[in-house]
Amino acid sequence: HSDIPRDLYLKETKGEKDVFMKKHYTELKESGVNIVFANVFTKSSPELSLKESMLQISKLIRIVRENEDVVLIKNRNDLGHVLKTGKLGLVLSLEGFEPLCDSVEMLDVYYELGMRAGMLTWNNTNFFASGADHKDGGLTNAGVLAIERMNSLGILVDVSHLNEQGFWDVIKLNKKPTIASHSNAKALFNHDRNLSDDQMKVIAKSGGV
């Protein structure tokens, strides 16, 4: 999990050059990590989030086009290619569905751009669900429709940042493996962002990680 698209957007807006190759590519290759969830993350209104997310994704697509050693993983063949060659694979993910502008149909657009995983929320509450900073409120009707559409398209449902009620709503609704791309064990550190043993076990039971 890494907010690479957001980092590119913020630093290139300030005039920095070659941000990806100098920082992210070098660090990932030296560490031996060759698959990372590259998250599009915004902190704006839905309308501004839509614009910023498009710019973030465009920068990531440019990186992939300019570098033969970087692959945007869209399907099993891409994944197999990365595993076989050791190239750097990026899985495009959306952290918080504000950029959908309250429209489930926008998931189709993001899928066409390469999005293969998504979290309905960051820590706050939005049109789709409540995040980890809010104890009350699970998935909204729009959130239910979003899970159904993600299943239909083939977008992984990521529960990192959801509150517990939203988590169990997803478990009931999701017909595919559920993942938590960056959550830790609540038994080791009692934090709202972390998961109980029961939550981790039910993720494993779904075929997720």
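Up top is the structure.
Along each chain, residue indices are assigned from 1 in the same order as the chain's sequence is written. Local features in this predicted model are restricted to residues of pLDDT 70 or higher, and side-chain atom pairs are both shown and tallied only at a pLDDT of 80 or more, whereas totals for entire chains, interfaces and linings draw on every residue. Excluded from the side-chain calculation are hydrogens and water; included are all heavy atoms of the structure.

> Where do I start with the packing of aromatic side chains in this structure?
Remark: the centre distance and the inter-plane angle together describe each pair of aromatic rings, the angle taken between the planes. Working definition: a ring pair exists when centres of Phe, Tyr or Trp rings (six-membered ring for Trp) sit within 6.5 Å. Plane angles under 30 degrees give stacked, over 60 give edge-to-face, the rest tilted. Evaluation of the coordinates by the stated rule reveals five aromatic pairs. Geometrically, the ring pair formed by Phe97 and Phe128 is edge-to-face, given 5.6 Å between the ring centres and 90° between the ring planes. Here the residue Phe97 occupies a position in the loop between strand E3 (88-95) and helix H5 (106-112), and Phe128 occupies one in the loop between strand E4 (115-119) and helix H6 (141-153), the gap between them amounting to 31 residues. For the pair Phe97 and Phe128, one class covers both residues: buried. Between Phe127 and Phe128, the aromatic rings sit 5.4 Å apart at their centres with planes inclined by 90°, giving edge-to-face as the arrangement. By way of ring pairs, the aromatic residues Phe97, Phe127 and Phe128 are connected into one cluster. Here the guanidinium or amino end of Arg116 rests over the ring plane of Tyr111, the centre of that ring lying 3.7 Å away. Helix and strand assignments come from DSSP, with helices taken as H or I runs of at least 4 residues and strands as E runs of at least 2, each series counted from the N terminus. Think of it in three bands: residues with accessible area under 20% of the maximum for their type are buried, residues over 50% are exposed, and the middle band is partly exposed, with areas taken using a 1.4 Å probe on protein chains only. Two thresholds decide whether a charge sits over a ring: the Lys NZ or Arg CZ must be within 6 Å of the ring centre and within 35 degrees of the ring normal.

> How should I be thinking about the pairing of E3 in this particular structure?
Each regular strand displays side chains that alternate between the two surfaces of the sheet. Burial of E3 is extensive: eight of the eight residues sit out of reach of the surface. Across the two faces of E3 the burial is the same, with Leu88, Leu90, Leu92 and Leu94 and Gly89, Val91, Ser93 and Glu95 all buried. The handedness rule is simple: strands pointing away from the viewer, and a clockwise path from the first strand over the helix to the second, make the crossover right-handed. The parallel pair strand E2 (residues 70-72) and E3 is bridged by helix H4 (residues 76-85), and the resulting crossover is right-handed. Strand direction decides the pairing type here: E3 and E4, joined by four bridges, are parallel. Each bridged residue has a counterpart across the sheet, and for Glu95 the counterpart in E4 is Met119. Handedness of the crossover is the feature at issue here: the chain leaves E3, passes through H5, returns alongside E4, and the resulting connection is right-handed. Two strands are said to pair when DSSP picks up at least two bridges between them.

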